[in-house]
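# Fold and contact review
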Amino acid sequence: MKIELIEGDITQLAVDAIVNAANASLLGGGGVDGAIHRAAGPALLDYCRGLGGCATGDAKLSPGFDLPARYVIHAVGPVWHGGGRDEAGLLASCYRRALELAEREGLESIAFPMISCGIYGYPHEAAAKIAIGALCEPRPNGSLKRVVLVAFSAQMHALLERVLVDASGKR
Ligand code: AR6
């Protein structure tokens, strides 16, 4: 699977699902979570109240309501505590679980933000390697045809481009 890099606002993307960098309550917050709830409208929060939260490293699906995307997959990334609390395993798990949910629904396109790279403080280069590693894992017979990784700054876009080139050199 080829990963597509985009610099911009994930809430604007007309893909089957956008992934949210949520917290365990699934009741909204700042960063990309706040932007997704604003763009989706209040029905998203009402729906999320019924989901009963989500464990770190896991993900849950909701409709996209007023978003151009049909679904939101709410993934809960780890807070960075220095690396000794299985942050890397939990972060990779978010990407894998979101892909699994998308494929269970038969979705063809999905866009991810850089989970844990804002308020949760994950070091960007380490997170980029984990994200790209997880998104490049083979998924035989999966439905997804388009996997997009969204950078919210030119700096993040340049970092992702570099990590992606390094990763493809190793395959
Ligand atoms: N489109 C794409 N990427 C974005 C957007 C956007 N509109 N807005 C921010 N980013 P963060 P976290 C990038 O902080 O670190 C919330 O309060 C941002 O630049 O949104 O996983 C939740 O409720 C960064 O690279 O998520 C949790 O409590 C990346 O998205 C907590 O923050 C993730 O930054 C989760 O923290």
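Report follows, based on the coordinates. (Residues numbered from 1 in each chain as written. Predicted model: local features only at pLDDT ≥ 70, side-chain atom pairs only at ≥ 80, totals over all residues. Heavy atoms only, no water.)

### A few points about the nonpolar core
Heads up, the condition is: For the purposes of this section, nonpolar cores are sets of buried Ala, Val, Leu, Ile, Met, Phe, Trp, Tyr and Cys residues that join through side-chain atoms within 4.5 Å. Each residue is placed in one exposure class: buried if its accessible area under a 1.4 Å probe, protein chains only, is under 20% of its type's maximum, exposed if it is over 50%, and partly exposed if it falls in between. Counting from the N terminus, the helices are DSSP H or I runs at least four residues long and the strands are E runs at least two residues long.
Grouped together as the largest cluster of nonpolar side chains are 40 residues, with contacts concentrated most on I73, Y95, I110, F112, M114, L149 and L160. Listing elements by their share of this core, those giving two or more residues are β1 (3-7), β2 (17-22), β4 (71-76), α3 (87-104), β5 (109-112), α4 (124-135), β6 (146-151) and α5 (154-170). For this core, the element with the most residues is α3, which contributes 8 residues. With 19 residues, the next largest nonpolar core counts I10, V15, I18 and L67 among its residues.

### Looking at the site of the ligand
Test applied: In this text, near means that some heavy atom of the residue lies within 4 Å of the molecule or strand in question. Two N or O atoms count as a polar contact when they lie within 3.5 Å, although within protein this holds only if one can serve as hydrogen donor and the other as acceptor, and sequence-adjacent residues are included solely when both atoms are side-chain atoms. Each residue is assigned to one of three groups, with Ala, Val, Leu, Ile, Met, Phe, Trp, Tyr, Cys and Pro labelled nonpolar, Asp, Glu, Lys and Arg labelled charged, and all others, Gly among them, labelled polar.
Looking at the ligand, there are 22 residues lining it, with N23, G30, V32, D33 and I119 nearest. A distance of 2.8 Å is found between an oxygen atom of the ligand and a backbone nitrogen or oxygen belonging to G118. Between the ligand and Y120, the relevant distance is 3.0 Å, taken from an oxygen atom to a main-chain nitrogen or oxygen of the residue. Grouping the amino acids of the shell around the ligand by side-chain chemistry returns 12 nonpolar, 8 polar and 2 charged.

### Quick notes on the pairing of β5
Side chains on a regular strand alternate between the two faces of the sheet. Condition: When DSSP finds two or more bridges between two strands, those strands count as paired. Handedness rule for crossovers: strands pointing away from the viewer, path from the first strand over the helix to the second running clockwise, crossover right-handed.
What you see with β5 is no split at all: S109 and A111 on one side and I110 and F112 on the other are buried throughout. Sheet analysis places β5 next to β6, joined by 4 bridges and oriented parallel. Within β6, the position partnered with I110 by the bridge is V147. Once the chain exits β5 it traverses α4 before rejoining the sheet at β6, and the crossover so formed is right-handed.

Geometry only, nothing functional implied.
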